[in-house]
Amino acid sequence: MQLEIRDLVVARGARRIIDQLSFDVAAGEVWLLTGRNGAGKTTLIRTLAGYLSPVSGSITLKGWDPERDPREACHYVGHLNADKASLTVLENLRFWQAYLGGTTADDAAARDRVWAALERLEIEPLADIPAGYLSAGQKRRLGLARLLVAERPVWLLDEPTVSLDVQSTALLARVIETHAAAGGLVVAATHLALGLASARELRLGPTPHAAAEERTSGGPA
Amino acid sequence: MQLEIRDLVVARGARRIIDQLSFDVAAGEVWLLTGRNGAGKTTLIRTLAGYLSPVSGSITLKGWDPERDPREACHYVGHLNADKASLTVLENLRFWQAYLGGTTADDAAARDRVWAALERLEIEPLADIPAGYLSAGQKRRLGLARLLVAERPVWLLDEPTVSLDVQSTALLARVIETHAAAGGLVVAATHLALGLASARELRLGPTPHAAAEERTSGGPA
Amino acid sequence: MSGFLTLLKRDLLLALREGGALGTALGFYLIVVTLMPLGLGPDLNLLTRIAPGILWVALLLAALLSLPRLFEADHDDGSLDVLALGHMPLELVAASKALAHWISTGIPLALMAPILGILLNLEARAYPLVIATMLAGTPAISFLGAIGAALTLKTRRGGLLLALLVLPFYVPTLIFGITSISAALLSPAGFQASFLILTAISLVSLVLGPVAAAAALRQHMQ
Amino acid sequence: MSGFLTLLKRDLLLALREGGALGTALGFYLIVVTLMPLGLGPDLNLLTRIAPGILWVALLLAALLSLPRLFEADHDDGSLDVLALGHMPLELVAASKALAHWISTGIPLALMAPILGILLNLEARAYPLVIATMLAGTPAISFLGAIGAALTLKTRRGGLLLALLVLPFYVPTLIFGITSISAALLSPAGFQASFLILTAISLVSLVLGPVAAAAALRQHMQ
Amino acid sequence: MTTDAATQTWTQRLANPTRFMALSGQILPWLTIAAIAVVLYGLYLTFFVAPPDYQQGETVKIMFIHVPSAWLAMMGYLMIAISSFGLLVFRHPLADVSAKSAAPIGAAFTLLALITGSLWGKPMWGTYWVWDARLTSVLILFFLYLGLMALRSSLEDETLAAKQTAVLGLAGVVILPIIKFSVDWWNTLHQPASVVKIDGPAIHSSILVPLVVNAVGFSLLFFALHMKAMRNEVLRRRVKALRMAEVEQAARGRDTSSATAG
Ligand code: HEM
Ligand SMILES: Nc1ncnc2c1ncn2[C@@H]1O[C@H](COP(=O)(O)OP(=O)(O)OP(=O)(O)O)[C@@H](O)[C@H]1O
Ligand SMILES: Nc1ncnc2c1ncn2[C@@H]1O[C@H](COP(=O)(O)OP(=O)(O)OP(=O)(O)O)[C@@H](O)[C@H]1O
Ligand SMILES: [Mg+2]
Ligand SMILES: [Mg+2]
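Residues numbered from 1 in each chain as written. Chains lettered and ligands numbered in written order. Predicted model: local features only at pLDDT ≥ 70, side-chain atom pairs only at ≥ 80, totals over all residues. Heavy atoms only, no water.

Undergrad: Report on the overall build of chain C, specifying residues and quantitative values.
TA: Helix and strand counts for chain C come out as nine helices and zero strands. Along chain C, helices and strands appear, N-terminal first, in the series α-α-α-α-α-α-α-α-α. In summary, chain C has a C-alpha radius of gyration of 18 Å against a globular reference of 17 Å for 222 residues, a match within 12%. Projecting the C-alpha coordinates of chain C onto the three principal axes gives extents of approximately 55 × 35 × 30 Å. Burial analysis of chain C (222 residues in total) assigns 65% to the buried set. Contacts in chain C between residues at least 24 apart in sequence constitute 82% of all its contacts with a sequence separation of at least 6. With the model as given, the accessible surface of chain C reaches about 7,000 Å², and the carbon-plus-sulfur share is 73%. Taking the average place of the 11 positive charges on the side chains of chain C and the average place of its 10 negative ones, the gap between the two points comes to 1 Å. (Helix = DSSP H or I, 4+ residues; strand = E, 2+ residues; numbered from the N terminus. Rg over C-alpha atoms; globule rule 2.2 N^0.38 Å. Buried < 20%, exposed > 50% of the residue type's maximum accessible area, 1.4 Å probe, protein only. Contact = heavy atoms within 4.5 Å. Areas by Shrake-Rupley, 256 points an atom, 1.4 Å probe, with all protein chains shown as cover. Lys, Arg positive; Asp, Glu negative; His and termini not counted. Charge placed at Lys NZ, Arg CZ, Asp CG, Glu CD.)

Okay, structure coming up:
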């Protein structure tokens, strides 16, 4: 599977935020979008997820059943966590599993998967607490747990580490690595180095025609 | 001036989040609150700002006119930026200057101060743009600019670096250092090292697991 | 279809859990109906005469006021973005949420109307008519209201603007709801014609509402 | 006092800038007044008789629906936290915001009532009475409404719950507003007594509203 | 996820804003002159030539204003609906400009129809307002206009506002047949159609001629106003774009300088 971005132009109002951008995300690759505030990271992620329509250019997901909507291949985790304050952590996650998985089958395997996700993100003890009571970081981890309950190849993450403490950030890095190792595609906007060994970096800049610079991410630029 | 915290106990629902905490923030000191998600950083900051009332213990601001409300000595920058989308960056800042400064005098000095703050946080070119148009990081910097337009000794900052890129984070560190050097007091909750040479760290909190167990046994309040 | 039901189930659960949702709509209904005699004076004959009209107008307002939250909660917490990535088009998402609104608000309001009828000295034989017309008419309120709810998602003063936008669309429902009742009080034959139109309006809104609402929602995600 | 004026000025500027704020309130007023004849039937004599009552009830509802935003915007964007750190007590913050609401919504609604009177075939000599009573009564609507707006700040379904909470407080204003009009239509002497009570209610609310609202706001910041 | 928006539709190429500005700049003066001339002639016919009605007396002359205004009220909405369609389906760059400019003008004609109708109603029906189907449906049309303008003004983001208003504009088009046929469906006080009918007009030519002249004049006036408003809107957008570009350039200059400094 491969995500091909060709000559992408995205505008906000009358302004071109993304101008003639081309890059490929191959299976197993993690791309980090970096750049200053307002550089267009969120804009790019939301375009990839299909919320924004580009002015021109193309985004193609090679290797995906052409009859199915490519959105069904994507997970999107944005600034907001998509949790309901009055549902428990478990109920929130179960709902997204059923909805994004497209199945109402509440079998043992599905339930195991939810518990595994909770465990993986270390919010298992909070399972029966209404999500409204969680702290900022706990809520963020609940939002991220969605990635693990419904299997989808493309992960689009917008500043996933916001509110996460150091341990949780490391946790997230491992989750991303596992997904990539299993052939998944990850595009993440972030101001922090995630501490990933093999991530590639795409620096978005306000300067026009700044070609996609590729380098492996070390510390902060 | 000195902020003295003595035997502070703060509860959320039935749970004690802060238990018998004592520390002093002297003039010129920067304290960083760290700790895992849910450790109680936000809770402590909001208690210091007077939004939450402690169960017991005391918070005293030595050296502050006892006839004036100690709140008037504090700046608080929380998760939200307190900006109005339909007012321009400049109008937003002018309003907070007049309101927090407690004066309607729109003299040259006051106006210079606003422009200096905009310049300092590198949002000067955006001055005439409605705040609603800004990106997340630009909005954050507008929120932080408030610190500079009305002079107040105590700064209470809750995750001030959220959404800031690397340069802006460095900018913030310098702003904080300058304030401390001028005899100000800073308490900031953060997951990142701000890159401050002389900051002191206060590590809060129990593990989230323990917290959760306590909570489930008590039931949500 | 499984996504539709999953979402419907969640929304009904939320309506139940976030208690008072229905309670407040019913409360508002009660209060508007109570205010009317206060404003109009206590003449019982007058009240009997205008009772069906007041019940209908108050129901419209009560249902209307519960509409702003239709998509707002899901928008504000980011759920809407994720819902758009499901296995069904946004039109069905909108339809599912409008249906949840009808079940959790429209039906209970319609069923409560007769009780409030007592306060207005409603004629005995008008009771079943009021319930029947309201059950037939309230789907239009939820589904057409979804358009307004989607359009006003990001506006300040959502509630008022929503009312302004959708009330014109409610006028036919209101008129045929009332004429059904008054026609039936004269002759059973007159009832049928108006009632059929009322039902037809509701059926049309089942399609028009979700399609327009989804178009508006898409713009908001941009 | 400078903080009070600074805040008042900002709120009025926002009301102006976030265009349509007033427009939608007026629009809603217009629409409720329109719905009534549609629901009650087109009998002009009947309408003349109940016109003042309808105008008052509709004004109450229109003002009510613009109330949820009173503190909500400042709460949602974090401004309320910062406003609490100013040089004046939260009571004055609440009073300033309620005053801004009265100026930007209450007064225009009262002034618009006569125009809507045409639609309801209002008697000519009732026009000045309607304006006078509404100008005297609307401060109570804004200042008592502030209590409800503060209490329902964090509730989902704010609009409905708010209506439910404050409508009972509005009943005296409504009753004395209407009896002032109907008394005056009979004899000028009768007018004065009711009108004085109406004004007194408004004056009391100027104090009661901000104090209770500030207490509620403090809880929300916890 | 495959998108290719690069291909412009032919309508887009045909009427880009620049070409519109050039073309309308030439047409507008003539259109304005024609509108003024025909309206003046129509008013002359109305007040000095047309005979008073044997039943209604001089008040019948209100009709010469009332009826064209009522027609244009509906046509204005039709124009908005068509423009909305053009925006949503063809992404026509001028469609939103057209829809936005038409709204206040259409609303003004609707208001004029309502006011003249009310003034006429007082001598005819003994009251300024009755709740019959046609009057009510025109009032609702007025609400729709208000709703369109309120919705647009309450959305900060102009692109979003344009599209949302277009959705509402299209959904609201159901009102037009209701107004047009309300008099036939319900028995009401208001006059049924007597000019625009399948079997030819049913009124006398001494009234028909001034009516038609006025209708033409008002229509020309509508188009002239609409074109002027569209030109203003295009210019306003250009000014705004220039300002935004200036600010952005300033921001960019700052970015590069601080990047080299830091
Ligand atoms: C506010 C009140 C009124 C409104 C909103 C109103 C609205 C309208 C509308 C929308 C039309 C166009 C109908 C069409 O083209 O099919 C129209 C036409 C007309 N109206 Fe009115 N009207 C009002 C009052 C009156 C009154 C009081 C009279 C006189 C008795 C009147 C006489 C007419 C006539 C003669 C036509 C032309 C009908 C035709 O030939 O098609 N209207 N009016
Ligand atoms: N809805 C909008 N309408 C117009 N312009 C917008 C809109 N949203 C964002 N922008 C502008 O687009 C540019 C890119 O914004 P974007 O949110 O993509 O930046 P970002 O790289 O995610 O920044 P940050 O690191 O601050 O989150 C910014 O200059 C912003 O001002
Ligand atoms: N309104 C509330 N009611 C009850 N419990 C709460 C409330 N807000 C927070 N808590 C609980 O209080 C504890 C401390 O929360 P707090 O927000 O202070 O943590 P924090 O250190 O700021 O965490 P983070 O790094 O995730 O922001 C958490 O366990 C949380 O679940
Ligand atoms: Mg971003
Ligand atoms: Mg926190």
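Undergrad: I'd like a rundown of the interface of chain D and chain C, residues and numbers included.
TA: Taken together, the contact between chain D and chain C spans 39 residues of the former and 39 residues of the latter. Around 3,800 Å² of area is buried between chain D and chain C when both sides are counted, 80% of it from carbon and sulfur atoms. Summed over the shared surface of chain D and chain C, the result is one salt bridge. Two residues, Arg49 of chain D and Asp43 of chain C, come together in a salt bridge whose shortest N-O distance is 2.6 Å. Elements that contribute at least two residues to the side of chain D that touches chain C include exactly helix H2 (21-40), helix H3 (44-66) and helix H8 (158-186) of chain D. Split into classes, the residues belonging to the side of chain D that touches chain C amount to 28 nonpolar, five polar and six charged. (Buried area = accessible area lost by both parts, 1.4 Å probe. Salt bridge = Lys/Arg side-chain N within 4 Å of Asp/Glu carboxyl O. Nonpolar A, V, L, I, M, F, W, Y, C, P; charged D, E, K, R; others polar.)

Undergrad: Run through the side chain of Glu72 of chain B, naming residues and quoting values.
TA: When you line up the elements, Glu72 of chain B lands in the loop between strand E4 (56-62) and strand E5 (74-77). Judged by relative accessible area, Glu72 of chain B falls into the buried class, the value being 13%. Of note is the side chain of Glu72 of chain B, whose polar atom sits 3.0 Å from the side chain of His87 of chain D. Apart from the residues within four sequence positions on either side, Glu72 of chain B is in contact with Trp64 and Arg152 of chain B together with Leu85, Gly86 and His87 of chain D. (Polar contact = N/O pair within 3.5 Å; in protein donor to acceptor, adjacent residues only side chain to side chain.)

Undergrad: Tell me about a nonpolar patch on the surface, and name the residues and values.
TA: Together, Ile115 and Ile118 of chain D together with Leu111, Ile115, Leu119 and Tyr128 of chain E make up a nonpolar patch on the protein surface, roughly 540 Å² of accessible area in all. Going through the elements one at a time, helix H6 (90-119) of chain D together with helix H4 (95-125) of chain E are the ones with two or more residues in the nonpolar patch. Ranked by residues supplied to the nonpolar patch, first place goes to H4 of chain E with three residues. Locating Leu111 of chain E in the fold gives a position in helix H4. (Patch = residues over 30% accessible without salt bridge, like charges linked within 9 Å, V, L, I, M, F, W, Y side chains within 5 Å.)

Undergrad: If you had to explain the packing of H3 of chain D against helix H7 (residues 127-151) of chain D to someone new, which residues and values would you point to?
TA: Residues and elements named next belong to chain D. As a packed pair, H3 and H7 sit with axes 11 Å apart at the nearest point and diverge in direction by 30 degrees. Pair H3 / H7 crosses with right-handed handedness. Of the residues in H7, those in contact with Leu55, Trp56, Leu59, Leu60 and Ala63 of H3 are Val130, Thr133, Met134, Gly137, Thr138 and Ile141. (Axes fitted to C-alpha atoms, helices over the stretch in contact; angles between N-to-C directions. Left-handed = near helix turned anticlockwise from the far one by under 90°.)

Undergrad: Residue-level account of the packing of aromatic side chains, with values.
TA: For any pair of aromatic rings, geometry is given as the distance between the ring centres together with the angle between the planes. Following the criterion strictly, the structure yields 19 aromatic pairs over all chains and no others. Arranged with centres 5.0 Å apart and planes meeting at 25 degrees, the rings of Phe191 of chain C and Phe195 of chain C form a pair that is stacked. In this pair, Phe191 of chain C and Phe195 of chain C are both assigned in helix H9 (residues 188-221), four residues apart and thus about one turn of the helix distant. With a centroid separation of 5.7 Å and 40 degrees between ring planes, the pair formed by Tyr44 of chain E and Phe48 of chain E is classed as tilted. Taken together, the residues Tyr44 of chain E and Phe48 of chain E, both in helix H2 (residues 17-49) and four residues apart, mark about one turn of the helix. Ring pairs connect the aromatic residues Phe109, Phe218, Phe222 and Phe223 of chain E, which therefore count as one cluster. (Phe/Tyr/Trp six-rings, centres within 6.5 Å; stacked < 30°, edge-to-face > 60°.)

Undergrad: So what's going on with the site of ligand 2? Residues and values would help.
TA: Among the 18 residues in the neighbourhood of ligand 2, the closest are listed as Gly38, Lys41, Thr42 and Thr43 of chain A together with Gly137 of chain B. More than one chain approaches ligand 2, the contributing ones being chains A and B. Surface burial for ligand 2 is 86%, taken as the share of its 630 Å² of free accessible area covered by protein chains. Residue assignment for the shell around ligand 2 shows that the elements contributing at least two residues are strand E2 (15-26) and helix H1 (41-48) of chain A together with helix H4 (136-149) of chain B. Split into classes, the residues belonging to the shell around ligand 2 amount to four nonpolar, nine polar and five charged. (Near = heavy atom within 4 Å.)

Undergrad: Please give an account of the sheet that holds strand E8 (residues 200-203) of chain B that cites residues and values.
TA: Residue and element names in this part refer to chain B. Taken in spatial order, the five strands line up as E5-E6-E7-E3-E8 in an open sheet, and their pairing is parallel. The open sheet terminates on both sides in strands that have one partner only, identified here as E5 and E8. Here the average twist between neighbouring strands, direction ignored, is 15 degrees. Strand direction decides the pairing type here: strand E6 (residues 154-158) and strand E7 (residues 185-189), joined by five bridges, are parallel. By the bridge assignment for E7, Val154 is matched with Leu185. (Pairing = 2+ DSSP bridges.)

Undergrad: So what about the relation of the copies chain D and chain C? Which residues, and what values?
TA: Expressed as a screw operation, the relation of chain D to chain C combines 0.0 Å of axial shift with a rotation of 180 degrees, fitting to an RMSD of 0.2 Å. On this basis, the relationship between the two copies can be described by a two-fold rotation axis. Interface overlap between copies: 100% of the residues of chain D at the interface are likewise at the interface in chain C, consistent with a symmetric, same-surface contact. (Least-squares fit on C-alpha atoms with pLDDT ≥ 70 in both.)

Undergrad: Residues and numbers for H3 of chain D, please.
TA: Compared with an ideal rise of 1.5 Å per residue, which puts 23 residues at 33 Å, H3 of chain D spans 30 Å between its outermost C-alpha atoms and is within 8% of the ideal. Of all the bends in H3 of chain D, the greatest, near 60 degrees, is centred on Ile50 of chain D, and the proline Pro52 of chain D appears no more than four residues after it. (Expected span 1.5 Å × (residues − 1). Bend = angle between axes of the 7 residues up to and from the residue.)

Undergrad: Tell me about the nonpolar core, residues and numbers included.
TA: Tyr29 of chain C together with Tyr29 of chain D are the most contacted members of the largest nonpolar core, which totals 274 residues. The contacts of Tyr29 of chain C, once residues within four sequence positions are left out, are Leu55, Ala58, Leu59, Ala62, Leu109, Met112, Ala113, Leu116 and Met134 of chain C. The next biggest cluster of nonpolar side chains, apart from the first, holds 36 residues, and it includes Val77, Leu90, Leu157 and Ala173 of chain A. (Core = buried A, V, L, I, M, F, W, Y, C linked by side-chain atoms within 4.5 Å.)

Undergrad: Residues and numbers for the pairing of strand E2 (residues 15-26) of chain B, please.
TA: Sheet topology places strand E1 (residues 2-12) of chain B next to E2 of chain B; eight bridges connect them, and they run antiparallel. Looking across to E2 of chain B, one finds that Arg12 of chain B is bridged to Arg15 of chain B.

Undergrad: I'd love a proper account of the pattern of salt bridges, names of residues and values included.
TA: Residues and elements named next belong to chain B. Counted according to the given criterion, the structure contains 47 salt bridges over all chains. Residue Glu29 pairs with Arg200 through a salt bridge whose shortest N-O separation is 3.0 Å. Taken together, the positions of Glu29 in the loop between E2 and strand E3 (30-34) and Arg200 in strand E8 put the pair 171 residues apart, joining distant regions of the chain. For Glu29, a relative accessible area of 17% puts it in the buried group.

Undergrad: A description of the sheet that holds strand E1 (residues 2-12) of chain A should follow, citing residues and the corresponding values.
TA: Residues and elements named next belong to chain A. A sheet is described by the order of its strands in space; here three strands give the open sequence E2-E1-E4, paired in antiparallel fashion. Two strands in the sheet have a free side with no partner beyond their single neighbour: E2 and strand E4 (56-62). With strand direction ignored, the average angle separating the axes of adjacent strands in the sheet is 15 degrees.

Undergrad: Before we move on, could you go through unusual backbone geometry and cite the residues and values that matter?
TA: In this model, Glu122 of chain A sits at a positive phi of 55 degrees, which is unusual for a non-glycine residue. In this structure, Gln20 of chain B takes a positive phi of about 55 degrees despite not being glycine. Residue Gln20 of chain B is classed as partly exposed on the basis of its relative accessible area of 47%.

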